[in-house]
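Report on the structure
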Amino acid sequence: MGFRCGIVGLPNVGKSTIFNALTAAAIQAENYPFCTIEPNVGIVPVPDERLDVLAGLARTKVKVPTQMEFVDIAGLVQGASKGEGLGNQFLGHIRQVDAIIHVVRCFEDDHIIHVDGHVDPLRDVEVIATELMLADLETVEKRLIKTRSQAKSGNKQFLAELQALEQLHKVLDAGQPAHSFTLPEGQDTRFLRELCLLSAKPVLYVANVHESELTTGNAHVTALKQLAAAEGAQLVCIAGAIEQELSQLPPEEQQEYLQELNMTEPGLHRLIKAGYSLLGLITFFTVGEKETRAWTISQGAKAPAAAGKIHSDFERGFIRAEVIAYKDYLACGSEAAARDKGLMRSEGKEYIVRDGDCILFRFNV
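Residues numbered from 1 in each chain as written. Predicted model: local features only at pLDDT ≥ 70, side-chain atom pairs only at ≥ 80, totals over all residues. Heavy atoms only, no water.

**Structural notes on the overall build of the protein**
For the protein, the count of helices and strands is 14 helices and twelve strands. Dimensions of the protein, computed from C-alpha atoms along their principal axes, come out at roughly 65 × 65 × 35 Å. By the burial criterion, 48% of the 365 residues in the protein qualify as buried. Pairs at least 24 residues apart make up 69% of the contacts formed inside the protein by residues separated by at least 6 positions. Of the charged side chains in the protein, 36 are positive and 48 negative; the average position of the first set lies 11 Å away from that of the second. (Helix = DSSP H or I, 4+ residues; strand = E, 2+ residues; numbered from the N terminus. Buried < 20%, exposed > 50% of the residue type's maximum accessible area, 1.4 Å probe, protein only. Contact = heavy atoms within 4.5 Å. Lys, Arg positive; Asp, Glu negative; His and termini not counted. Charge placed at Lys NZ, Arg CZ, Asp CG, Glu CD.)

Structure, rendered in structure tokens:
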């Protein structure tokens, strides 16, 4: 799988509550800071009605959804980059994820402590963003010392890396995140990947609200939406308390509860889908009577790489991919009917897999 979203935020904003609901893991979630020390990890199926439809058409015995990994990272506080609140340890956990889900408290409740005394989403976002950038600044400064020494040799690669690092340092020092920095065209990007910069990771904001404000929103949500729009980021509005209640109900009662709330699906489904989109992922399917399975790949991946998700031998001995678009499979009702109508295409190594493709791989090892 290998796709991980880290759930971050200040203490007591609802991170663990949302994680509990995502994974139904019953992780400790208490009303005091730093309840979560070691990160909790949960594997969550990605909801996709297409999998159910395909499994039904193929009369599949087993269906397997694609999955994402969520990591509940302890609350960060101002000064985390300097070790406040065990910050260095928690920031290290963030380095290991592919994207950040930033949970922001957008509700008032005198019974739930706020680490800064009162609710202010924009201040809270700035605290986290600043700590990520300060940690990145320290990482870049350490790399600069090493690269300056290497560049004395006159090696062109090290000289180019030094120039890029100095430019990146200026960006971070000016209070801008690493994702706003663009390398000169043709520059080797490997050293940037090695740095694992925190502020380079894509971010999805989650506004945690009261049940009564889920549909109407409030001034806090409005402010956060404006911030997300200015950054070109996505925002999902969730009532953590509702989601936790839903996660504890059997499926049939979940639907009744959703209807009472005038909701078509749990908010967490929207969160999972948004996280999937944030990482630039798509889904292809393998369909059969024994098993119908959804597989995750990055947008732009070619057919051999998709085959390799199933087994390395499929990629190594790739011959061709026999592809039916989901809408064509749905219209025809079966693989055989799609083949008879000429809607099963034979694609080679350069074929870029599309979201929803139903694929049969031919290979020889």
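**Re the pattern of salt bridges**
In this structure the tally under the stated criterion is 18 salt bridges. With its nearest N and O atoms 2.5 Å apart, the salt bridge here joins D52 to K63. Residue D52 is found in helix α2 (residues 49-58), and its partner K63 is found in strand β3 (residues 62-64); the two are separated by eleven residues along the sequence. A relative accessible area of 40% places D52 in the partly exposed class. When its relative accessible area of 45% is taken as the criterion, K63 is described as partly exposed. A salt bridge links R362 to E322, with the shortest nitrogen-to-oxygen separation between them at 3.2 Å. Of this pair, R362 sits in strand β12 (residues 358-363) while E322 sits in strand β10 (residues 318-324), and the two are 40 residues apart along the sequence. Taking relative accessible area as the criterion, R362 reaches 34% and is therefore assigned partly exposed. Residue classification places E322 among the buried residues on the basis of a relative accessible area of 10%. Here the salt bridges do not stand alone but share partners, grouping D48, R50 and D355 into one network. (Salt bridge = Lys/Arg side-chain N within 4 Å of Asp/Glu carboxyl O.)

**Details of the side chain of E161**
Structurally, E161 is set in helix α5 (residues 156-173). Filtering out sequence-adjacent residues up to four positions away, E161 remains in contact with R143, T147, Q187 and F191.

**Thoughts on the nonpolar core**
Side chains of a nonpolar character, in soluble globular proteins, are inclined to be buried together. Within the largest apolar cluster, 40 residues are counted, with the highest numbers of intra-cluster contacts made by I18, L22, F70, I94, I101 and L271. Top element by residues in this core is helix α10 (residues 267-278). It accounts for six residues. Leaving out residues up to four positions away in the same chain, L22 has contacts with I7, V44, F70, L268, L271 and I272. V104, L224, C237 and A239 belong to the second-largest nonpolar core, a separate cluster that totals 18 residues. (Core = buried A, V, L, I, M, F, W, Y, C linked by side-chain atoms within 4.5 Å.)

**A short note on a negative patch on the surface**
Side chains of E252, E253, E256 and E260 sit close together on the surface and give a patch of like negative charge. On the secondary structure map, E253 appears in helix α9 (residues 251-260). On the basis of relative accessible area, E253 is assigned to the partly exposed category, the value being 37%. (Patch = residues over 30% accessible without salt bridge, like charges linked within 9 Å, V, L, I, M, F, W, Y side chains within 5 Å. Areas by Shrake-Rupley, 256 points an atom, 1.4 Å probe, with all protein chains shown as cover.)

**Regarding the pairing of strand β8 (residues 281-286)**
β8 sits mainly inside the fold: six of its six residues count as buried. Where burial is concerned, the two faces of β8 agree: the one with L281, T283 and F285 and the one with I282, F284 and T286 are both buried. Across six bridges, β8 lies against strand β9 (residues 291-298) in antiparallel orientation. Looking at β9, one finds that L281 is bridged to S298. Between β8 and the antiparallel strand that follows it, β9, lie four residues. (Pairing = 2+ DSSP bridges.)

**Here's the deal with helix α11 (residues 303-310)**
All of the buried residues along α11 are A303, P304, A306 and A307. All buried residues of α11 fall inside an arc of 160° around its axis, so they share one side. Residues of α11 that are buried make contact with β8, β9, α12 (312-316), β10 and β12. (Arc of directions from axis to C-beta.)

**Quick word on the side chain of H220**
Considering the arrangement of structural elements, one finds H220 in helix α7 (residues 219-231). The class of H220 is buried, set by a relative accessible area of 18%. Reaching out from H220, the side chain makes a polar contact with the side chain of E108 at a distance of 2.9 Å. (Polar contact = N/O pair within 3.5 Å; in protein donor to acceptor, adjacent residues only side chain to side chain.)

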